[in-house]
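Survey of secondary and tertiary structure
Residues per chain are reported as follows:
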Amino acid sequence: MKRKVLLMGASGSGKTSMRSLIFSNNPASLTARLGATIDVEQNHVRFLGDLILNLWDCGGQDAFMDSYLTTQRSTIFQHVGVLIYVFDVETHEMHKDLDYYRDCLDGLRQFSPDAAVFLLVHKMDLVRDRAPAFERKKRELQEQSEKTPVTVFGTSIYDESLYRAWSNIVHTLIPNAAVLSKHLTMFAEACSATEVILFERTTFLVIATSAPPSAEASDPPDAASELDPARYERTSELIKAFKHSCSRVREEFHALEMELPEFTAVLDEMTKNTYVLIIVHDPTIETAALKLNVRMARRKFE
Ligand code: GTP
């Protein structure tokens, strides 16, 4: 199954940077070397075996934008599954950006009316008061989108916010996400785990999680009620950084085990295209047992 993903936005807004971080495992510090994208750079990214993301990184210089909206209009906007439009939070040309954005929405309504639209207010690391600045931009963008439903995220390549946005985006493209989540919940119960998370292998984006453990008040306080809401995307970011360090010393990353006084974590290959992370708060459970469970569950998840 192939899904077309359009990545659009003004030149310099950060499209190629985020693509190289998420899909090529490059660190943020290398993005300053990226040149401007000429016309459209197409990439096929295999995601979960049979889902192929056909990523169109559309160079954002005016001459290219004008051509997408006129001569290339039908080629660009047909068969789109998802449009991701990137806005530089610090842009001095918001009017122009919005003109182009509205024109792109028109093209999308005309050729792919069912496409999902995600808007990224990017480079949020550059603003001081993030929350109010983001809310203001979000309102403005929602107004400009008129009747088209849009999902807006604040992102930066320097923290986990980029993973949060992209995990949400790819989640809408995964056909059997609910079934996966059900199986993970059963698996979590079998492991006496607090939580189980499934990551895609190359991007380390979150594919599915077990149902959040019930946060009922218990004595001692339930581990579940103390979980950090940003834990998934933080893990994606940390593991990607760790994988990058491994590649620098020419080692390949395979698996990870952590036994801390507070909890045990096992990260292991689940299928050809996924990794599973198991978090256990019961100190009597051995990592070897968890790994055995992963091995036995593999066939079910292939
Ligand atoms: P075109 O290819 O011309 O359309 O531009 P683009 O949207 O692909 O921009 P690109 O990814 O080349 O990024 C332009 C610059 O923005 C680079 O120098 C990046 O390092 C920088 N950049 C990207 N993301 C961020 C971010 O989150 N924060 C900050 N501060 N800078 C960023």
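Summarised in this report is the structure supplied together with it. Residue positions are given per chain, counted from 1 along the sequence in the order it is written. Two thresholds apply to this predicted model, a pLDDT of at least 70 for residue-level local features and 80 or more for giving and counting side-chain atom pairs, whereas whole-chain, interface and lining totals are computed over all residues. Note that the side-chain values use all heavy atoms of the structure and ignore hydrogens as well as water.

1. Here we look at the overall build of the protein
Counting secondary structure elements, the protein contains 9 helices and 11 strands. The C-alpha atoms of the protein give a radius of gyration of 21 Å, which matches the 19 Å a tight globule of 302 residues would have. The buried share of the protein, reckoned over its 302 residues, is 50%. We call two residues in contact when some of their heavy atoms are within 4.5 Å. Taking all contacts inside the protein whose residues are at least 6 apart in sequence as the whole, residues at least 24 apart take part in 70%. Put simply, the protein shows about 15,300 Å² of open surface, and 51% of that area lies on carbon and sulfur atoms. Here a strand is any run of E in DSSP of at least two residues, a helix any run of H or I of at least four, and the numbering for each starts at the N terminus. For the radius of gyration, the atoms used are the C-alpha atoms, and the globule rule reads 2.2 Å times the number of residues raised to 0.38. Burial classes follow relative accessibility: with a 1.4 Å probe on protein chains only, a residue under 20% of its type's maximum area counts as buried, one over 50% as exposed, and anything between as partly exposed. Surface accessibility in these figures is a Shrake-Rupley result with a 1.4 Å probe; residues are shielded only by whichever protein chains are displayed.

2. Quick word on helix α1 (residues 15-24)
Counting buried positions along α1 yields 9 of 10 residues, so the element is predominantly enclosed. After α1 finishes, the residue Asn-25 shows a positive phi value of roughly 60°.

3. Points about the pairing of strand β8 (residues 206-209)
One bridge is not enough; two strands pair if DSSP finds at least two bridges between them. The pairing of strand β7 (residues 195-200) with β8 spans 3 bridges and is antiparallel. Looking at β8, one finds that Leu-198 is bridged to Ala-208. What sits between β7 and β8 in their antiparallel hairpin is a turn of 5 residues, with Phe-204 showing a positive phi close to 60°.

4. Side note on the site of the ligand
By nearness alone, 21 residues border the ligand, and Ser-11, Lys-15, Ser-17, Thr-37 and Gly-60 come closest of all. Polar contacts, as used here, are pairs of N or O atoms within 3.5 Å; protein pairs need one atom able to donate a hydrogen and one able to accept it. Residues neighboring in sequence count only if both atoms are side-chain atoms. Residue Ser-11 places a side-chain N or O atom 2.7 Å away from an oxygen atom belonging to the ligand. In this structure, a nitrogen atom belonging to the ligand sits 2.9 Å away from a side-chain N or O atom of His-122. Taking 660 Å² as the accessible area of the ligand by itself, protein coverage stands at 88%. No other element matches α1, which puts 3 residues into the shell around the ligand. Taken together, the residues of the shell around the ligand sort by class into 6 nonpolar, 12 polar and 3 charged. We call a residue near a molecule or strand when any one of its heavy atoms sits within 4 Å of it. Residue polarity is assigned by list, with Asp, Glu, Lys and Arg as charged and Ala, Val, Leu, Ile, Met, Phe, Trp, Tyr, Cys and Pro as nonpolar; anything else, Gly included, falls into the polar class.

5. A short note on the state of the cysteines
Any two cysteine sulfur atoms lying within 2.5 Å of each other are counted as a disulfide. Scanning the model with the defined rule gives 0 disulfides in all. Left unpaired, Cys-58 is separated from the closest cysteine sulfur, that of Cys-104, by 8.1 Å. Judged by relative accessible area, which is 0%, Cys-58 ranks as buried.

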